[in-house]
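# Chain and residue survey
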Amino acid sequence: MGSHPESKDSLPAPVTPAGRDALEAILTHPARTVVALDFDGTLAPIVPDPDRARAHPDAVPALAALAPKVASVAVVTGRPAGVAVRHGGFAGVPGLEHLVVLGHYGAERWDAVSGTVTAPAPHPGVAAVRAELPGFLDGIGAWQGTWIEEKGRAVAVHTRRAADPQAAFEALREPLGELAARHGLIVEPGRMVLELRPPGMDKGVALMEYVREVGAEAVLYAGDDLGDLPAFAAVDKLRSDGVPGLLVCSGSSEVAELAERADLVVDGPAGVVRLLTALAAQLA
């Protein structure tokens, strides 16, 4: 593809051959492309209180400009689908009539075309863990500086407010892993957060199923967190099956693993928005 001038409206050049091939495929066949994006840290800046997270102010306009030009746009998130829709401001937006939000790592799905969420019955282990977690954290001396986020089909323990967030995160990984296993759950690590949730679904499974449902012949996936690694792996698998894929990291010094595997690293949600805007402009 060669290099692109670094202006606000220019498309940045992927640093890998596979990424450059994927961008070429997306630009050549946009109507066969799925654009899939994580929410927190990718479309919405990370904030200390997840209830206050909102999509970047230019995210919805960028998505609305891009969506009519590609096969589909999907938001793939660990949040409940309805929460992501509200915090993203995705409902009733011209241009996003066919947006799909795959919530709880794909266990829930919201379709803009119907405005409804579909989901299976909740896992009983989540309710058991929810009841046990406050006493469990207190019992291991981890109550100070940590807090619990209720996520419906999952429950998360945040350490970002602790005196040493990384040390608290590392100290909790093993005991929370044991608690989760006792109730048939798994632990999904993120950016200063450990989420206890049912096994069997992750962003990789959700993305792979959706790309195949759409029949996409190219895919772009953007994420920022450890929970996005399975989606990156799914894109690698799609590439091996002949479907070009562009891996975008919404840059963060907290998750080096994702940046190292990405074809393109952008500057957080603002960088993701610039990429989406430039892509829409290029396809106009």
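See above for the structure.
Here we summarise the structure given alongside this text. Given the structure is predicted, the values throughout are model-derived calculations rather than measurements.

### Examining the overall build of the chain
Looking only at helices and strands, one finds nine helices and 12 strands in the chain. The globule rule puts the C-alpha radius of gyration for 284 residues at 19 Å, and the 19 Å found for the chain is close to it. Its C-alpha atoms give the chain principal-axis dimensions of roughly 55 × 40 × 35 Å. Looking at charge distribution, the chain has the averaged site of its 24 positive side-chain charges lying 3 Å from that of its 36 negative ones.

### A look at the sheet that holds strand β2 (residues 72-76)
Here eight strands make up an open sheet; going across it, the order is β5-β4-β3-β2-β1-β10-β11-β12 and the pairing mixed. At either margin of the open sheet sits one strand with a lone partner, and together these are β5 (116-118) and β12 (264-266). Strand-to-strand twist of the sheet, defined as the mean angle between neighbouring strand axes without regard to direction, takes the value 20 degrees. Pairing between strand β4 (residues 108-111) and β5: three bridges, direction antiparallel. Bridge pairing in β5 places R109 opposite T118. Contacting β1 (33-37), β2, β3 (100-103), β4 and β10 (218-223), helix α6 (residues 203-214) runs over the sheet at an angle of about 165 degrees to β2.

### Here's the deal with the packing of aromatic side chains
Under the counting rule described, the total for this entry stands at two aromatic pairs. Plain terms: the ring middles of F39 and F90 are 6.1 Å apart, the flat faces sit at 85 degrees to each other, and that makes the pair edge-to-face. Of this pair, F39 sits in the loop between β1 and α2 (59-66) while F90 sits in the loop between α3 (81-88) and β3; the two residues are 51 residues apart in sequence, bridging distant segments of the chain. Across the pair, exposure class does not vary: F39 and F90 are buried alike. Each ring, one from Y221 and one from F232, has its centre 6.2 Å from the other, and the planes form 85 degrees; the classification is edge-to-face. Taken together, the residues Y221 in strand β10 and F232 in helix α7 (residues 229-240) connect sequence positions 11 residues apart.

### Describing the pairing of strand β6 (residues 147-150)
Here β6 shows a clear split, with W147 and E149 buried on one side and none of I148 and E150 buried on the other. Relative to strand β7 (residues 155-158), β6 runs antiparallel, the two sharing four bridges. Across the sheet, the residue bridging to E149 is A156, located in β7. What sits between β6 and β7 in their antiparallel hairpin is a turn of four residues, with G152 showing a positive phi close to 75 degrees.

### Describing the pairing of strand β9 (residues 193-197)
With five of five residues buried, β9 is to be regarded as a mostly interior element. When β7 meets β9, the two strands line up antiparallel, connected through four bridges. Along β9, the bridge assignment pairs V157 with L194. Two strands pair when backbone bridges link them, and strand β8 (residues 186-189) and β9 are joined in this way by four bridges, in the antiparallel orientation. By the bridge assignment for β9, I186 is matched with R197. From the end of β8 to the start of β9, which pair antiparallel, there are three residues, and M192 there has a positive phi angle of about 60 degrees.

### What to know about empty space enclosed by the protein
A water-sized probe, rolled over the atoms, reveals where empty space remains. A complete count under the given rule lists one cavity of 30 Å³ or more for this structure. When its volume is computed, the largest cavity comes out at roughly 430 Å³. Lining the largest cavity are 27 residues, with D40, I46, K151, V193 and D225 positioned closest to its centre. Its residues assigned to classes, the lining of the largest cavity comprises 10 nonpolar, five polar and 12 charged.

### Observations regarding the environment of L207
Residue placement: L207 occurs in helix α6. Taking the relative accessible area as the measure of exposure, L207 reaches 1% and is therefore buried. For the pair L207 and L37, spaced 170 residues apart in sequence, the C-alpha separation works out to 9.8 Å. The residues contacting L207, other than those within four sequence positions of it, are A36, V219, Y221, A231, A234 and V235.

### Focus on the packing of helix α4 (residues 124-139) against helix α5 (residues 165-182)
Where α4 contacts α5, the two axes come as close as 11 Å, and the packing angle between them is 150 degrees. For α4 against α5, the interelement crossing comes out right-handed. Mapping the contact onto sequence places V129, E132, L133, F136 and L137 in α4 and L172, P175, L176, L179 and R182 in α5. A class-by-class count of the residues in the contact of α4 with α5 yields eight nonpolar, no polar and two charged.

### Let's talk about α2
Within α2, six of the eight residues are buried, which leaves it mostly tucked inside the rest of the structure. Along α2, the residues classified as buried are A59, V60, A62, L63, A64 and L66. The inward-facing, buried residues of α2 abut β1, β2, α3 and α9 (268-283).

Criteria and thresholds
Residues numbered from 1 in each chain as written. Predicted model: local features only at pLDDT ≥ 70, side-chain atom pairs only at ≥ 80, totals over all residues. Heavy atoms only, no water. Helix = DSSP H or I, 4+ residues; strand = E, 2+ residues; numbered from the N terminus. Rg over C-alpha atoms; globule rule 2.2 N^0.38 Å. Lys, Arg positive; Asp, Glu negative; His and termini not counted. Charge placed at Lys NZ, Arg CZ, Asp CG, Glu CD. Pairing = 2+ DSSP bridges. Axes fitted to C-alpha atoms, helices over the stretch in contact; angles between N-to-C directions. Contact = heavy atoms within 4.5 Å. Phe/Tyr/Trp six-rings, centres within 6.5 Å; stacked < 30°, edge-to-face > 60°. Buried < 20%, exposed > 50% of the residue type's maximum accessible area, 1.4 Å probe, protein only. 1 Å grid on protein atoms, 1.4 Å probe; cavity = no way out; pocket = protein on both sides within 12 Å on 5 of 7 lines; lining within 4 Å. Points joined across faces, edges and corners; volume = space filled by probe spheres on them. Nonpolar A, V, L, I, M, F, W, Y, C, P; charged D, E, K, R; others polar. Left-handed = near helix turned anticlockwise from the far one by under 90°.

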